[in-house]
Each structure stands twice: as structure tokens, then as C-alpha cells.
Amino acid sequence: MTPALAPYAADESRSRGRRHEEPAPAHRGEYQRDRDRIIHSTAFRRLVYKTQVFVNHEGDLYRTRLTHSLEVSQIGRSVACALDLNEALTEAICLAHDLGHTPFGHAGQDELNARMRDFGGFEHNLQSLRVVDELEAKYAEFPGLNLMFETREGILKHCSASNARKFGDVGERFLRRGQPGLEAQIANIADAVAYNNHDVDDGFRAGLLTLAQLREQPLFGDQLAEVRRLYPDLEDRRLIYEVIRRMIGKVVNDLISTTQANLETSGVQSIDDVRKSGQPLVVMSDGVYAQHVALKKFLNRHLYRHEKKLEMTRRAQTIIRELFELYTSDAGQMPEEFAQQAEDQDEVGRARVVADYIAGMTDRYAIARHEEHTGKKAGGL
Ligand code: MG
């Protein structure tokens, strides 16, 4: 039994539908079908071998893009349920949000974008939409996964005006500066909440962050003081988990109550009212948001730009750069299906095929291909 949806939730009976018409599913909802298609996609399975922050083989306990996506989905679904919004749609968007990510996390994305500068650029968020709209080849009657409009709207988080024109329906909101539905807004924030918290955990485990540093962060420090007061003898490992679970709880509870109040005062009555609002309606209170942003900045300074991370970044960039140069100068080095696609294209089209191929690679596949082509060991990556 599906609980009643709030009037401003996404409701499949009033959806803007799929690009290619299909018969309604027999035993599940339309957004459940989207979620199921995402889970069965090739791109989703590859997330298990893609870097979140730490390269996959640095340790078995670190988050990968797959476990990150599952954590985003868990947080997103909790928030959606608490607000009587569409849980299945929220889950679908959360699970799909990183499908377009390159190997080696942001290091890979930035390098591929630099290589694609003269050919239309590369952005993982646009690539996620490209994966579900075009690149997945699983169905006889249409390209991609043929997802519902609201799922696609949620996947396309940001977009320049020139790209927005190319995307048609899902691009419109960027031209008129509107918002996506509430489920998409939840997925967006759940992403930030998930990585802020799990990166503290992974950074601590990697020995790149210390308790002394983390204590200075109000979001962490307040919870740490409370846990120490309640459990003075707790060992560090359990202490960290207890603090993190309380941090997630604090932010999520704040997000739910602030958004609930916001929805009441805004007077929105439908998803179209939500789309017309000038600002996102799913928000944290000012105080908690300030703490959340402070932690994000702290991680940026002390974890993402840690010397050990930067060394990994440089190696990853070399791999992506050299693969890109190799395949653009000799498309025949790519597997048959990509080589064929590249064949009749101009320079711009060929570069896009190469970017699609590289972006789809897992970390270890990129390392193996690079080693095979160049004879260079990725050593230590
Ligand atoms: Mg993410």
C-alpha cells in the first residue's frame, strides 16, 4: 500500500511521461520501473569499480560510486517518506545521479573536460543524462532507458544555457530559471549530506584526517562532545561511527523540519508550483547549513587536496590524457563498437565517441588499457 502523496509530490498520473510511449507496467509504478531499469543498467554495475574519493583498490572498506549512490538513496528516501513525497522517484534519481562519472572521480572528470575543451566539453552530470537517454543499449524499441520526464529532470542537476537549448524539455527550466520537482531537490541535497559524512569516515580511516582536526568542525565537534559525555570510554573507531550517525541524523532531521515549514509557508499546491518557485524549497535551516558548508570546505582543504590525494590525481590525469590522445589519433584502438561509431564522424563527433568510451571505463579497466597501450605501469595508483 503506497502512502498518500502530498499534493506537491510528483504523481505518475500527472507525469510528463516518457520520450517513447510504452504500455503501463502491470505490477509496479512508473517510477519503480525507472528505478529497476537503472539498477539493471550496465553503467550502474560499473559504479562498483569507480572512485568516489579513494581509488577502488586502496582498500576494501572505502566508498565507491556504487556504495555512495546507495547511501544517497537511503538518505533521499527517508526524507521523501517523511515529507509524503514520491519515494520511488527519489530513489531512481539518487541511484542514477552519478552514472555519468568518469573513472578516478573528479580528477578524471576534470582531465576529460580539459581534453574535450574544443569539442563541447565534458561534464559528468550531463553525461549521466546521456547515459540514460542514449548510451545504454538494452531495449529493442528505443535507445537508452526511456525514463520518465521527472527522473530525467532530476538527473540533470545543472546545465549551461547553450546546453539547455540542446536538451529540449529537461533543459527548459535552466532557461527560465525554475526549479525541478521536490524529489529532485531532495536527491541533490542527499548527495551532499552523504559525501560530507562518509568522506569524514573514509578520510579518518585513511589516516588523512585526525580527531584533533575534526573536533574543530562544529557539526562534528558538537556531536563528539555529546558522545564523549555519554560514553567516556568508547574507542576511536566506534566513537567516529557514533558521531557520524548523529551528524547525519542532525542534518536530516533539520532538513525535514525546515522543508516542511517551508512548504507550508510557500503555499505550493502542485509540482508545477514547485517548478515555478524561484528558490529551492528543500533546504536546511541557516544554522545547520552553515555547519554543513563549513565541513564541506574543511574536507576540500584537508582531504580532497591532501598531498597523497593530489599524487593520485596527477597519475589519474596522465592515464586519461594519454588514452584520449591515443584514441582520437587512432580510433581503431578502441573496441569494435566504438571504432565503428567513430569512423564516419568529423573531429568533434569522434572526440565525443572517445569521451563516451573513456567515461564508461572503471578505474581498473582504464589502468589496464593504459598499461596495455603504453607499457607504463600505473604504479601505486
Ligand atoms: Mg554523488
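Residues numbered from 1 in each chain as written. Predicted model: local features only at pLDDT ≥ 70, side-chain atom pairs only at ≥ 80, totals over all residues. Heavy atoms only, no water.

**A few points about the overall build of the protein**
Along the backbone of the protein there are 19 helices and zero strands. Taking 21 Å as the expected radius of gyration for a compact globule of 381 residues, we find that the protein reaches 22 Å, a close match to that expectation. For the protein, the C-alpha atoms occupy an extent of roughly 60 × 50 × 35 Å along the three principal directions. A total of 381 residues make up the protein; the buried ones form 53% of that total. Look at the contacts in the protein between residues 6 or more apart in sequence, and 70% of them connect residues 24 or more apart. For the protein, the computed accessible surface area is about 17700 Å², with 48% contributed by carbon and sulfur atoms. Averaged over its 51 positive side-chain charges, the protein has a centre that lies 3 Å from the centre of its 58 negative ones. (Helix = DSSP H or I, 4+ residues; strand = E, 2+ residues; numbered from the N terminus. Rg over C-alpha atoms; globule rule 2.2 N^0.38 Å. Buried < 20%, exposed > 50% of the residue type's maximum accessible area, 1.4 Å probe, protein only. Contact = heavy atoms within 4.5 Å. Areas by Shrake-Rupley, 256 points an atom, 1.4 Å probe, with all protein chains shown as cover. Lys, Arg positive; Asp, Glu negative; His and termini not counted. Charge placed at Lys NZ, Arg CZ, Asp CG, Glu CD.)

**Some words on the coordination of the magnesium ion**
Looking at the metal site, the magnesium ion is ligated by His68 (NE2), His97 (NE2), Asp98 (OD) and Asp191 (OD), spaced 2.2 to 2.6 Å from it. All donors of the magnesium ion belong to a single chain; written as a sequence motif, their spacing is H-x28-H-D-x92-D. Both residues of the pair, His97 and Asp98, count as buried. (Donors = N, O, S within 2.8 Å, 3.2 Å for Na, K, Ca; no water.)

**Focus: the packing of helix α12 (residues 218-230) against helix α15 (residues 286-304)**
Interhelical geometry of α12 versus α15 gives an angle of 105° and a closest axis separation of 8 Å. Viewed along their axes, α12 and α15 adopt a mutual orientation that is roughly perpendicular. Judged by residue contacts, Pro218, Leu219 and Asp222 of α12 engage Gln291, His292 and Leu295 from α15. Taken together, the residues of the contact of α12 with α15 sort by class into three nonpolar, two polar and one charged. (Axes fitted to C-alpha atoms, helices over the stretch in contact; angles between N-to-C directions. Parallel < 35°, antiparallel > 145°, perpendicular 65-115°, else oblique. Nonpolar A, V, L, I, M, F, W, Y, C, P; charged D, E, K, R; others polar.)

**Some words on the packing of aromatic side chains**
A complete count under the given rule lists four aromatic pairs for this structure. Consider the rings of Tyr357 and Tyr365, whose centres lie 6.4 Å apart with planes at 80°: the pair is edge-to-face. The exposure class of Tyr357 is buried, given its relative accessible area of 5%. Ring pairing ties together the aromatic residues Tyr327, Phe338, Tyr357 and Tyr365, which thus form one cluster. Residue placement shows Arg16 over the ring face of Phe149; its charged tip is 4.1 Å from the ring centre. Directly above the ring of Tyr49 sits Arg364, whose terminal nitrogen or CZ lies 3.6 Å from the centroid. (Phe/Tyr/Trp six-rings, centres within 6.5 Å; stacked < 30°, edge-to-face > 60°. Lys NZ or Arg CZ within 6 Å of the ring centre and 35° of its normal.)

**Thoughts on the environment of Ala368**
Note on placement: Ala368 falls in helix α19 (residues 363-374). The class of Ala368 is partly exposed, set by a relative accessible area of 39%. Between the C-alpha atoms of Ala368 and Leu209, which are 159 residues apart in sequence, the distance is 31 Å.

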